[in-house]
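Survey of secondary and tertiary structure
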Amino acid sequence: MARIPYFDPANAEGRAKEAYKKLPPLNIFRMMGHSGDMLDSFIKLGNSILVYSKLDPVLREIAIVRVGVLRKAKYEVFQHERISRQIGMSDEKIKAIHEGPDAKAFNEMERLVMRFTDDIVANTRASDATFNPLKEKLSHRELQELVVTIGYYTMASCFLETFDVDIEEKGKEGKVNLPGMKS
Amino acid sequence: MARLPYPDPATLPDANRNLLKTLPALNIFRMLAGSGPSFVPFMSLINAYLNEGVLDAHLRELVILRVGHLCGSAYELHQHLRVSRTLGLPENRIEATAGRLPSAEFTGAENAALALADDLVAHVKADKDIFEKARAHLGDSGVQELVIVVGVYLLVCRYLETLEIEIEEKDIEGSGLEEIKRSMSANV
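Residues numbered from 1 in each chain as written. Chains lettered and ligands numbered in written order. Predicted model: local features only at pLDDT ≥ 70, side-chain atom pairs only at ≥ 80, totals over all residues.

A closer look at the overall build of chain A
In terms of regular secondary structure, chain A is built from 9 helices and 0 strands. Here chain A has a C-alpha radius of gyration of 17 Å; the compact-globule value for 183 residues is 16 Å, and the two agree. Across its three principal directions, the C-alpha atoms of chain A cover 50 × 30 × 30 Å. In chain A, buried positions account for 49% of the 183 residues. For chain A, the share of sequence-separated contacts (at least 6 apart) that also reach a separation of at least 24 residues comes to 66%. (Helix = DSSP H or I, 4+ residues; strand = E, 2+ residues; numbered from the N terminus. Rg over C-alpha atoms; globule rule 2.2 N^0.38 Å. Buried ≥ 20, exposed ≤ 12 C-beta atoms within 10 Å, placed from the backbone. Contact = placed C-beta atoms within 7 Å.)

Here you go:
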């Protein structure tokens, strides 16, 4: 159970009030209402990562779920495995994110993203061994997006776990719409 | 040298180029302007707690310095040492952020906030007692802001270190917070 009461979006003011009009009724957003306008900035950064990135969505979701797995953020893993399935990732590949970079289900590019994510989460600075191969394969913008994505979900995992945000009951999780979703 | 070239402003989307023009001349912003549509909301998030937050500014800067030490980010520390000094934090309090906690240099609220920062960096999920102690000092809004601030600098340190952003040859004047505030109200 959450460590502090959820915020009632009906009491939101300013930019947070506008933000709630567009948000799905997810517990992470209800919890963050105590932060006022900061909610709006947090959501917009998340939105730019999920909706406007050039980075391939499968690579993006692999990085996000991997951060959640490494940092034991159950809510993050739950939500982003759902998104992973909706953009068409196989159950085998989603399971492989829990296993590690060498799992058979990954192609070479996905493996590089797994190694890079592991390196940054553990060591802050990615080593040449994980950075250089990705630099050759991604545009500079995509590489920056990947680093920001890993960092953003590193932040989100602290928030979710420390406030013990609950996974929504079945049927109450609302609908998340992202580009490339098939279901 | 940074691991990626700093983007040429002429090649940036209008929103990023216009925002970059009015921000303090810092290498992190020059590079981040090349991150696509994340640049503007990222700056908006930073501005939200730097200029419109509920936390005491000294407490916030002590926490940011602590995260910089824990993550080993020279660039993050360099910038926030300047901010801390500009905001009037004395050297003995600044230095204590690199040492053992709790410290007699800090108030009860600061020690509670720094203990929470340490626990978040080490364990992701903060211990219940450490969390409740910080919450008792800072309230629900304050403790949420604190967790988000620690998280933002986990992101920032990963970005800075992985892209190997260099410290500027010439320091900017003042804290830079006012310029960020003006930039955000003019561009968003």
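Past the structure itself, the notes keep going.
Re the overall build of chain B
From N to C terminus, chain B includes 9 helices and 0 strands. N-terminal to C-terminal, the α/β element order of chain B is α-α-α-α-α-α-α-α-α. Computed over C-alpha atoms, the radius of gyration of chain B comes to 17 Å, within 12% of the 16 Å expected from 2.2 N^0.38 for 188 residues, which places it in the range of a compact globule. Per-residue burial for chain B yields a buried fraction of 49% across its 188 residues. For chain B, the share of sequence-separated contacts (at least 6 apart) that also reach a separation of at least 24 residues comes to 69%.

So, helix α7 (residues 108-123) of chain A
Compared with the 22 Å implied by 1.5 Å per residue over 16 residues, the 22 Å span of α7(A) between its first and last C-alpha is a close match. When we look at burial in α7(A), the residues that qualify are Glu110(A), Leu112(A), Val113(A), Met114(A), Arg115(A), Phe116(A), Thr117(A), Ile120(A) and Val121(A). Against the buried residues of α7(A) lie α4 (57-70), α8 (128-137) and α9 (140-162) of chain A together with α8 (128-163) of chain B. Just past α7(A), the residue Thr124(A) takes up positive phi, approximately 70°. (Expected span 1.5 Å × (residues − 1).)

Considerations on the nonpolar core
Most often, soluble globular proteins have nonpolar side chains that are buried together. Val63(B), Val67(B), Ala113(B), Leu116(B), Leu146(B) and Val150(B) are the most contacted members of the largest nonpolar core, which has 109 residues in total. Setting aside its immediate chain neighbours within four residues, Val150(B) contacts Cys158(A), Val63(B), Val67(B), Ala117(B), Leu120(B) and Val121(B). (Core = buried A, V, L, I, M, F, W, Y, C linked by C-beta atoms within 7 Å.)

So, the packing of helix α7 (residues 108-123) of chain B against α8(B)
Residues and elements named next belong to chain B. At their nearest, the axes of α7 and α8 sit 9 Å apart, and the two run at 55° to each other. The pairing of α7 with α8 is recorded here as oblique in orientation. Relative to α8, the crossing made by α7 is right-handed. Across from Gly108, Ala109, Ala112, Ala113, Ala115, Leu116, Ala117, Asp119, Leu120 and Val121 in α7, the residues of α8 making contact are Ile130, Phe131, Lys133, Ala134, His137, Leu138, Leu146, Val147 and Val150. For the contact of α7 with α8, the class distribution of residues is 15 nonpolar, 2 polar and 2 charged. (Axes fitted to C-alpha atoms, helices over the stretch in contact; angles between N-to-C directions. Parallel < 35°, antiparallel > 145°, perpendicular 65-115°, else oblique. Left-handed = near helix turned anticlockwise from the far one by under 90°. Nonpolar A, V, L, I, M, F, W, Y, C, P; charged D, E, K, R; others polar.)

Remarks on the interface of chain B and chain A
Facing the 38 residues of chain B at the interface are 42 residues of chain A. Going through the elements one at a time, α3 (39-52) and α8 of chain B are the ones with two or more residues in the side of chain B that touches chain A. With 18 residues, the top contributor of residues to the side of chain B that touches chain A is α8(B). Class assignment of the residues belonging to the side of chain B that touches chain A gives a composition of 21 nonpolar, 10 polar and 7 charged.

A look at the confidence of the model for chain B
The predicted model of chain B averages 97 in pLDDT, with 99% of residues at 70 or higher. If you check the scores for this complex, the pTM reads 0.97 and the ipTM reads 0.97. (pLDDT = per-residue confidence, 0-100.)

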